[in-house]
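# Remarks on the overall topology
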Amino acid sequence: MEGVHLIKVMYVVSNLVDAGPTRQLLYLLKNIDRQRIQPVILKLSSEVTDSMENEFSAIGIKIINLNSKIRRPLFKKFKLMKKIVNEERPQIIHTFGYRSVYYVSRLKLAECKRIAAFRDHPREELILTFGKIIGTFFSWHYTKLSEKMDALTSCSYTLQERLLKEMGVVSTAIPNGVDQERFFPLNMKKDLRDRLLLPIDKTIFISVGRIVTLKNYDFLCRMWDECIHESLLVIIGDGPMLDTLKEKYKTSHSRILFLGKKNNIEEYLNAADYYVSSSLTEGLPNSVLEALAVGLPVLLSDIPAHKELFDNGYDIGCLYKNNNSEDFVNKYHALLEKNYSDLSENSLKVVSKYYSVRRNAEEYEKLYFELVGNVSKEH
């Protein structure tokens, strides 16, 4: 790294819609060493709603919009992208997701290293999103395009292992981090419940995320509708399945609250007692890390990403067999029997020890300088 003082990194994203990968990018850029790393974002499309662009601009990040949804031939979009890259002259291009990998893989960049970041298991995510035939094709294509990258990263050790075993993809594990300046225990549950109009005398389980098939909210709602009557389930988020679920479970409104999208998630988490997730697939979920960061014990489906959180050696709650109603109810009651203060303290320890945003940023800085060192040797 001798002689290397500042690396320019271009982050290529589909858009800056408020979602887990966008928040992870924001955490990264807030914590990366700006004396050594100069970031610029190239987004492929504008956001229709829920843009986080202002949050990136507020920390001084330059944002360029390719506007690829504008009607122009695909070859012209690639030409414009090549022009932008030549003008910005990044030493590294860091891509997030299938679409950005597709665009960047088309560029011939002799003196620029390319990174693809895997945030989810592509085969699972794409099949659940697009169906088996189309999803399998996209997954295969994503893997082939990734071979053109100089480095691949995965957001958890579990994902790293699964990508290698199931798809032959070699990646470097850099686990997601959580912003502990925003998500931390407020220790004012009663005041928050008063302000947020939540019942004082109820045990509250909370779940946060997009209301889509991948999150499996129908299973969760069915548990509260049919089996669990003594506690309240609060669901925060919007998405294409929200109205359907609200109508389906309208008779359970006293036990299930759909609150839609909220900007003060940290307050709702602090007002709750437990976090619950029924996700079918995840990379390493932001929402669960954020819940742990405020000290919430968790009740999670036993998918690999959730298991990894329990593998750190701390008791933070319970795992239940995915989509298994009987096991869910058993683990729900087992969780309520555990010592709450011990679970809460363990949740805070896990985040501080393994999932800090600064640790995440340091790992990426290390990777960037290793790649730039290789560029220097080659040229």
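Quick note: structure is the one above.
Residues numbered from 1 in each chain as written. Predicted model: local features only at pLDDT ≥ 70, side-chain atom pairs only at ≥ 80, totals over all residues. Heavy atoms only, no water.

## Section: the overall build of the protein
- Helices and strands together make up the secondary structure of the protein, namely 16 helices and 13 strands.
- Computed over C-alpha atoms, the radius of gyration of the protein comes to 21 Å, within 12% of the 21 Å expected from 2.2 N^0.38 for 379 residues, which places it in the range of a compact globule.
- Along the first, second and third principal axes, the C-alpha atoms of the protein reach 65 × 45 × 40 Å.
- Relative to its full complement of 379 residues, the protein shows a buried share of 53%.
- For the protein, the proportion of contacts with a sequence separation of at least 24, taken over those separated by at least 6, is 70%.
- Carbon and sulfur atoms provide 50% of the accessible area of the protein, an area that totals close to 17300 Å².
- In the protein, the 53 positive side-chain charges and the 48 negative ones have mean positions that sit 8 Å from each other. (Helix = DSSP H or I, 4+ residues; strand = E, 2+ residues; numbered from the N terminus. Rg over C-alpha atoms; globule rule 2.2 N^0.38 Å. Buried < 20%, exposed > 50% of the residue type's maximum accessible area, 1.4 Å probe, protein only. Contact = heavy atoms within 4.5 Å. Areas by Shrake-Rupley, 256 points an atom, 1.4 Å probe, with all protein chains shown as cover. Lys, Arg positive; Asp, Glu negative; His and termini not counted. Charge placed at Lys NZ, Arg CZ, Asp CG, Glu CD.)

## Examining helix H3 (residues 74–88)
- For H3, built from 15 residues, the straight-helix expectation of 21 Å at 1.5 Å per residue is met to within 8% by its first-to-last C-alpha distance of 21 Å.
- Residues of H3 that are buried include every one of Lys77, Phe78, Met81, Ile84, Val85 and Glu88, and no others. Looking straight down H3, one finds that the buried residues subtend no more than 120° of arc, so they occupy a single side. Exposed residues pointing more than 90 degrees away from the buried face of H3 are listed as Phe75, Lys79 and Glu87.
- Along its buried surface, H3 packs onto strand S1 (7–13), strand S2 (37–43), strand S3 (62–65), strand S4 (92–96) and helix H4 (98–105).
- Looking at the residues trailing H3, positive phi occurs at arginine 89, about 55°. (Expected span 1.5 Å × (residues − 1). Arc of directions from axis to C-beta.)

## Focus on the packing of aromatic side chains
- All chains considered together, the criterion is met by 22 aromatic pairs.
- Between tyrosine 274 and tyrosine 340, the aromatic rings sit 5.3 Å apart at their centres with planes inclined by 85°, giving edge-to-face as the arrangement. Within this pair, whereas tyrosine 274 is found in strand S11 (residues 274–277), its partner tyrosine 340 is found in helix H15 (residues 340–354), the two being separated by 66 residues in sequence.
- For tyrosine 274, a relative accessible area of 6% gives the class buried.
- Every member of this aromatic cluster is reached through a ring pair, and the members are Phe205, Phe219, Trp224, Tyr274, Tyr320, Phe328, Tyr332 and Tyr340. (Phe/Tyr/Trp six-rings, centres within 6.5 Å; stacked < 30°, edge-to-face > 60°.)

## Observations regarding unusual backbone geometry
- Here arginine 89, not a glycine, exhibits a phi torsion of approximately 55°, which is positive.
- Relative to the assigned elements, arginine 89 resides in the loop between H3 and S4.
- Positive phi is not limited to glycine here, since asparagine 323 has a value of about 65°.
- Judged by its relative accessible area of 42%, asparagine 323 falls in the partly exposed class.

## Some words on the sheet that holds strand S8 (residues 203–208)
- Read across the open sheet, the six strands follow the order S10-S9-S8-S11-S12-S13; overall the sheet is parallel. Edge positions in the sheet fall to strand S10 (256–260) and strand S13 (317–320), since each of these pairs with one other strand and no more. Shown here is a sheet whose adjacent strand axes are inclined to one another by a mean of 20°, direction ignored.
- Where S11 and strand S12 (residues 298–301) come together, three bridges link them in parallel fashion. In the strand pairing of S12, tyrosine 275 is matched with valine 298.
- Helix-sheet contacts for helix H14 (residues 325–337) involve S8, strand S9 (231–236), S11, S12 and S13, and the interaxial angle to S13 is about 175°. (Pairing = 2+ DSSP bridges. Axes fitted to C-alpha atoms, helices over the stretch in contact; angles between N-to-C directions.)

## Points about the layout of surface pockets
- Its volume calculated, the second largest pocket comes out at about 250 Å³.
- Lining the second largest pocket are Lys82, Val85, Asn86, Arg89, Pro90, Gln91, Lys108, Leu109, Ala110, Glu111 and Cys112. (1 Å grid on protein atoms, 1.4 Å probe; cavity = no way out; pocket = protein on both sides within 12 Å on 5 of 7 lines; lining within 4 Å. Points joined across faces, edges and corners; volume = space filled by probe spheres on them.)

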